[in-house]
Amino acid sequence: MDASISYPLPAHAVFETALGFMALAWSDNGLTRLCLPEKTHAAAERRLLRLAGHGVVAGDRTPPLWITNLIADIRRYADGADVDFSEVPVDLAGVDDFRRDIYAAARNLHYGETTTYGGLAEKAGRKGLFRETGSALGANPIPLVIPCHRILAAGGKIGGFSATGGSSMKEKMLVLEGVRVGPPQTTQASFGF
């Protein structure tokens, strides 16, 4: 790569939430990337730029109103509020049809609602493709807005999560939404008198 060539940074923002520093990028068509919490502003921006690469169209550097509102909503979510991200415009340029189907089905899951990888595959019209669904979710460029954290492994197990913090971040997000993960609680037997 020629060091004399400079690339414009994508239109992006880094902001602090109750969960940590998050970053997002956008194009004129919608949100292109969202990075879940990192410990520092610099770490969030590095992750975003590493993941976004140079393929994100720069556009105007001033965040449009919808981005400003989205950041406020993400902060509210991190504080425990029930926030619906289903109307956020997303730009999935370059994403294949299979992943688009999986992401669309995931976006139909509401706050606190979960399903399994197999269940999501079926909702997306891709019955039986649970492994492929897991791979698609692992490549999700816009977690939270495309709520891959709401997809669990069979038996209610947490499953994988490719964001910083891995499964513990996934569990933290689910707990924010009132979802209990893990094996069912045992009930104490009663004598019935």
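This one's a predicted model, so the numbers in the text were calculated from it and none came from an experiment.

## Brief notes about the packing of aromatic side chains
(1) Moving on: Under the criterion given, the structure shown has two aromatic pairs.
(2) Moving on: For the ring pair Tyr-77 and Tyr-111, a centre distance of 6.2 Å and an interplane angle of 85 degrees mean the geometry is edge-to-face. Linking Tyr-77 in helix H2 (residues 65-78) with Tyr-111 in the loop between helix H3 (97-107) and strand E4 (115-116), this pair joins segments that are 34 residues apart in sequence.
(3) Moving on: Using a relative accessible area of 1% as the deciding quantity, one classes Tyr-77 as buried.
(4) Moving on: Site record: aromatic cluster; members linked through ring pairs are Tyr-77, Phe-85 and Tyr-111.

## Thoughts on the packing of H3 against helix H5 (residues 130-138)
(1) Moving on: As a packed pair, H3 and H5 sit with axes 10 Å apart at the nearest point and diverge in direction by 85 degrees. The angle between the axes of H3 and H5 places the two elements in the roughly perpendicular class. On the side of H3, the interface is formed by Phe-98, Arg-99, Ile-102 and Tyr-103, while H5 contributes Glu-132, Thr-133, Ala-136 and Leu-137.
(2) Moving on: Of the residues belonging to the contact of H3 with H5, the class tally is five nonpolar, one polar and two charged.

## A short note on the environment of Ile-146
(1) Moving on: By the element assignment, Ile-146 lies in the loop between H5 and strand E5 (151-152).
(2) Moving on: Ile-146 sits in the buried class, given a relative accessible area of 0%.
(3) Moving on: A sequence separation of 39 residues divides Ile-146 from Arg-107, and the C-alpha atoms of the two residues are 5.3 Å apart.

## As for the confidence of the model for the protein chain
(1) Moving on: Looking at the protein chain as a whole, its pLDDT mean stands at 87, while 84% of the residues score no less than 70.
(2) Moving on: Low pLDDT (under 50) marks residues 1-8, which in the prediction has five contacts with non-local residues, meaning those over four places away or in another chain.
(3) Moving on: For the stretch residues 55-60, pLDDT sits under 50, and the model shows 13 contacts to residues farther than four places along the chain or on other chains.

## Regarding helix H1 (residues 41-52)
(1) Moving on: Here H1 is twelve residues long and its end C-alpha atoms lie 16 Å apart, about the 16 Å a rise of 1.5 Å per residue gives.
(2) Moving on: Burial in H1 covers these residues: Ala-43, Ala-44, Arg-47, Leu-48 and Ala-52. Down the axis of H1, the buried set is contained in an arc of 150 degrees. They therefore lie on one face. Counted as exposed and oriented over 90 degrees from the buried face of H1: Arg-46 and Arg-50.
(3) Moving on: Turning to H1, the residues buried within the fold contact strand E1 (12-17), strand E2 (20-27) and strand E3 (30-38).

## So, the nonpolar core
(1) Moving on: Core analysis: the largest hydrophobic core is formed by 41 residues, its most contacted members being Leu-24, Leu-31, Leu-34, Leu-70, Ile-74, Phe-85 and Leu-144.
(2) Moving on: If you list the elements that add at least two residues to this core, you get E1, E2, E3, H2, H3, helix H4 (117-123), H5 and helix H6 (166-176).
(3) Moving on: In this structure, Leu-144 is in contact with Met-22, Leu-34, Leu-36, Ile-74, Tyr-77, Phe-85, His-149 and Met-173, ignoring residues within four places of it in sequence.
(4) Moving on: One finds Val-14, Phe-21, Cys-35 and Ala-44 within the second-largest nonpolar core, a separate group that totals seven residues.

What counts, and at which threshold
- Residues numbered from 1 in each chain as written.
- Predicted model: local features only at pLDDT ≥ 70, side-chain atom pairs only at ≥ 80, totals over all residues.
- Heavy atoms only, no water.
- Phe/Tyr/Trp six-rings, centres within 6.5 Å; stacked < 30°, edge-to-face > 60°.
- Helix = DSSP H or I, 4+ residues; strand = E, 2+ residues; numbered from the N terminus.
- Buried < 20%, exposed > 50% of the residue type's maximum accessible area, 1.4 Å probe, protein only.
- Axes fitted to C-alpha atoms, helices over the stretch in contact; angles between N-to-C directions.
- Parallel < 35°, antiparallel > 145°, perpendicular 65-115°, else oblique.
- Contact = heavy atoms within 4.5 Å.
- Nonpolar A, V, L, I, M, F, W, Y, C, P; charged D, E, K, R; others polar.
- pLDDT = per-residue confidence, 0-100.
- Expected span 1.5 Å × (residues − 1).
- Arc of directions from axis to C-beta.
- Core = buried A, V, L, I, M, F, W, Y, C linked by side-chain atoms within 4.5 Å.

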